[in-house]
Amino acid sequence: MQTMPAHAAHHDDREIESLEEFDATVSARGTLAGYRVQAVDLTDRTRELLTHDTAGAVFLGCAMREDAAAKVRGDGALVFPPVPGLPFDPYRGLVYSPDELFASLADGYEATPDALAYAWFQRTKADRDIHASMLRSIHDDSVSDALDELLSGARVVGVMGGHAMARGTEEYAGAARLGRELARAGFTIATGGGPGAMEAANLGAYAAPFDDTMLTESLELLGKAPRFTPSITQWAAAAFEIRTRWPQGGRSVGIPTWFYGHEPPNAFASHIAKYFANATREDGLLARSNAGVVFLPGAAGTVQEIFDNATPNYYESRGEPTPMVLVNRVHWTERLPAWPLLRSLAGGRSMEARIALVERIEEAPEALKRLGG
């Protein structure tokens, strides 16, 4: 089974991201000097803040009583207070979960934190307010930090492909089987976190601990709400029905963006690193796919990802080139002939031995293992 390292064990030991970590640090170290405390509600920890040294500490979005805040500022700590009225926490210490982004789905998708964050983004991106753009940047940076902690030590395979791939199709079922096989081989699946091919691969990873019946029945159930239009609510509800029926599925990562607000995140990724800035998201997704990337048929977005991935492999700017497997010969040689260009680029360079074009989705895991050496 795929292993995704436990979160707390791997993050910077000066970071405190929960009340449990706060209490453990105070009792073990007797000081908070130099610590980074992220999005922890400290209103009931006034005594600890008043009686312990907080010199050089940074409190990011931590609620605290006025006397405590005055005292830690007096110690020389930096206090970034929580920002009221936001539908998201810019200082969050962890990536999102599907339950968190889709909370209140019963009242319709429009009521969910995911939809509210997108509405806020739409309202603020046009008015050029430095405060709003700064909050987006802080949020995205916090998410990247949390994602690095989450994936520390994991062998990550990216699965890229279009959002247009409908549930209930043979292509969707194939992408789900691909995700399942890679997860069972010990890889952590990372996708763009949206619908279509991305959802199918995350579903496959979710299905990894279960038998074939579970995946067959899930694909059938999902087929009843094939696309996220006209109703995101029905589309998401179908996924949560499967999560309820088969709880405790396998873990994987989705990395979506509010930049494409018409495209909701899928509920099968156990961990969702959602960004406001699409460029940060694209680069982060590919940079973290350290065990290679599989490219299923897609349109402009997938073509962009192929060459976003090819560039560091060409220049070896991230070290050794990582495997790239393109699936579907006709698609990548005739419809959108990215493969001939990729092959020409790779010619005579070390990345040449790390690229492959396969006909069928079933051949991708074998190609990945072969190219990975």
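Rules of the game
Residues numbered from 1 in each chain as written. Predicted model: local features only at pLDDT ≥ 70, side-chain atom pairs only at ≥ 80, totals over all residues. Heavy atoms only, no water. Helix = DSSP H or I, 4+ residues; strand = E, 2+ residues; numbered from the N terminus. Polar contact = N/O pair within 3.5 Å; in protein donor to acceptor, adjacent residues only side chain to side chain. Contact = heavy atoms within 4.5 Å. Pairing = 2+ DSSP bridges. Axes fitted to C-alpha atoms, helices over the stretch in contact; angles between N-to-C directions. Core = buried A, V, L, I, M, F, W, Y, C linked by side-chain atoms within 4.5 Å. Buried < 20%, exposed > 50% of the residue type's maximum accessible area, 1.4 Å probe, protein only. Right-handed = clockwise from strand over helix to strand, strands pointing away.

Naming follows an unreviewed UniProt entry, where the protein appears as LOG family protein of Streptomyces tibetensis.

Engineer: Teacher, can you tell me more about the side chain of Asn278 here?
Structural biologist: The topology assignment puts Asn278 in helix 12 (residues 278–288). A distance of 3.0 Å separates the side chain of Asn278 from the side chain of Arg281, its partner in a polar contact. With residues up to four places along the chain from it excluded, the contact list for Asn278 reads Thr257, Phe259 and Tyr260.

Engineer: So what exactly am I meant to see when it comes to the sheet that holds strand 5 (residues 156–160) here?
Structural biologist: As a general point, the strands of a sheet are linked pairwise by backbone hydrogen bonds and lie either parallel or antiparallel. In space, the seven strands of this open sheet follow the order 8-7-6-5-9-10-11, with parallel pairing throughout. Either end of the sheet is taken by a strand with one partner, and the two such strands are strand 8 (271–272) and strand 11 (355–358). With three bridges joining them, strand 5 and strand 6 (residues 188–191) adopt parallel strand pairing. Opposite Val156, over in strand 6, you have Thr188 as the bridge partner. Strands in contact with helix 12 are strand 5, strand 6 and strand 9 (293–295); relative to strand 5, the strand with the most contacts, it is inclined by about 130°. Set on the sheet, helix 15 (residues 338–346) makes contact with strand 10 (324–327) and strand 11; between it and strand 11 the angle comes to about 155°.

Engineer: Just to check I follow, could you spell out the nonpolar core for this structure?
Structural biologist: In globular proteins that are soluble, nonpolar side chains generally tend to be buried together. In this structure, Leu178, Leu182, Leu203, Val294, Leu296, Val325 and Val327 are the most contacted members of the largest nonpolar core, which totals 54 residues. Mapped onto this core, the elements with two or more residues apiece are strand 5, helix 8 (170–184), helix 9 (197–207), helix 10 (212–222), helix 11 (232–245), strand 10, strand 11 and helix 16 (364–372). Non-local contacts of Val294, meaning those with residues more than four positions away in its chain, are made with Val157, Gly158, Val159, Met160, Leu178, Val325, Val327, Ala364 and Leu368. Listed in part, the 43 residues of the second largest apolar core include Ile255, Trp258, Ala310 and Leu342.

Engineer: What is the right way to look at the pairing of strand 11 in this model?
Structural biologist: Each regular strand carries side chains that alternate between the two faces of the sheet. Covered by surrounding structure in strand 11 are Ile355 and Leu357 together with Ala356 and Val358, the residues of both alternating faces. Where strand 10 and strand 11 come together, four bridges link them in parallel fashion. Each bridged residue has a counterpart across the sheet, and for Leu326 the counterpart in strand 11 is Leu357.

Engineer: Before we go on, may I ask you to explain the pairing of strand 10 in this structure?
Structural biologist: Judged by which residues are buried, strand 10 turns out to be covered on both faces: Met324 and Leu326 on one side and Val325 and Val327 on the other are all buried. Note: strand 9 against strand 10, three bridges, orientation parallel. In the strand pairing of strand 10, Phe295 is matched with Leu326. As a crossover connection, the stretch from strand 9 through helix 13 (residues 300–315) into strand 10 is right-handed.

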